[in-house]
Amino acid sequence: MKATSPAMSEMPGPKNVWWGDYHHGTQRQRGVVTYSVSPFRQSATSHLFRSYLFNGYRRLSAQLPYWIIPVGIGYSVYAWAKKRDAWQNSKEGHLAGASH
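Residues numbered from 1 in each chain as written. Predicted model: local features only at pLDDT ≥ 70, side-chain atom pairs only at ≥ 80, totals over all residues. Heavy atoms only, no water.

Looking up the protein chain in an unreviewed UniProt entry gives the name Cytochrome b-c1 complex subunit 8, with the organism given as Multifurca ochricompacta. For the record of the protein chain, the UniProt heading Subcellular location (unreviewed entry) holds the text "Mitochondrion inner membrane". Taken verbatim from the UniProt record of the protein chain, the Function (unreviewed entry) comment is "Component of the ubiquinol-cytochrome c oxidoreductase, a multisubunit transmembrane complex that is part of the mitochondrial electron transport chain which drives oxidative phosphorylation. The complex plays an important role in the uptake of multiple carbon sources present in different host niches." (UniProt positions renumbered as here; feature names shortened; annotations may be inferred.)

Visitor: Go over the overall build of the protein chain, please, and point to the residues and values.
Guide: Helices and strands together make up the secondary structure of the protein chain, namely two helices and zero strands. Residues counted as buried form 3% of the 100 residues belonging to the protein chain. Accessible surface, the protein chain as shown: approximately 10,500 Å² in total, 62% of it carbon and sulfur. (Helix = DSSP H or I, 4+ residues; strand = E, 2+ residues; numbered from the N terminus. Buried < 20%, exposed > 50% of the residue type's maximum accessible area, 1.4 Å probe, protein only. Areas by Shrake-Rupley, 256 points an atom, 1.4 Å probe, with all protein chains shown as cover.)

Visitor: Can you explain the environment of N55? Please cite residues and give values.
Guide: Counting through the fold element by element, N55 comes out in helix α1 (residues 48–88). Polar contacts involving the side chain of N55 include one to the side chain of R58, which spans 2.6 Å. (Polar contact = N/O pair within 3.5 Å; in protein donor to acceptor, adjacent residues only side chain to side chain.)

Visitor: I'd like a description of a nonpolar patch on the surface, backed by residues and values.
Guide: A cluster of nonpolar residues, L64, W67, I68, I69, V71, I73 and V77, forms a patch on the protein surface that exposes about 650 Å² of accessible area. Assignment of secondary structure puts L64 in helix α1. (Patch = residues over 30% accessible without salt bridge, like charges linked within 9 Å, V, L, I, M, F, W, Y side chains within 5 Å. Salt bridge = Lys/Arg side-chain N within 4 Å of Asp/Glu carboxyl O.)

Visitor: So what's going on with the UniProt feature "transmembrane region" (unreviewed entry) in the protein chain? Which residues, and what values?
Guide: Per the UniProt annotation, the sites labelled "transmembrane region" (unreviewed entry) are residues 64–81. Between the C-alpha atoms that bound residues 64–81 the distance is 26 Å, and the span itself is 100% helix and 0% strand.

Visitor: Now, about the packing of aromatic side chains: what can you tell me, with residues and values included?
Guide: Taken as a whole and assessed by the stated rule, the structure comprises one aromatic pair. Pairing Y75 with Y78 gives two aromatic rings, centres 6.3 Å apart and planes at 40°, and the pair type is tilted. Of the two residues, Y75 and Y78 both sit in helix α1, three residues apart, roughly one turn of that helix. (Phe/Tyr/Trp six-rings, centres within 6.5 Å; stacked < 30°, edge-to-face > 60°.)

Visitor: Hey, could you go over the environment of S61 for me, with residue numbers and the actual values?
Guide: Within the secondary structure, S61 is located in helix α1. A distance of 3.0 Å separates a polar atom in the side chain of S61 from the backbone oxygen of R58.

Right, here's the structure in full:
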């Protein structure tokens, strides 16, 4: 099996003169600015764990009041309901209800 030849980076379609194509005798585009980022800035995982220890702790502690209160209320309702269910299913709960 023969390997395919590398694809050239050209625009798809017929070989017309495209905007900014200076190979066919047309003028180059002006005012096109290209930006790049330094390879040292592109390192996404550089100091990942070290920065999470400080910044992550700060961010999580700032959100603590917004989720700890609902979690505490939800757990207390769950614990109360479980305790009440256990009491209602006990002999004492059946005698106190007397509806069975």
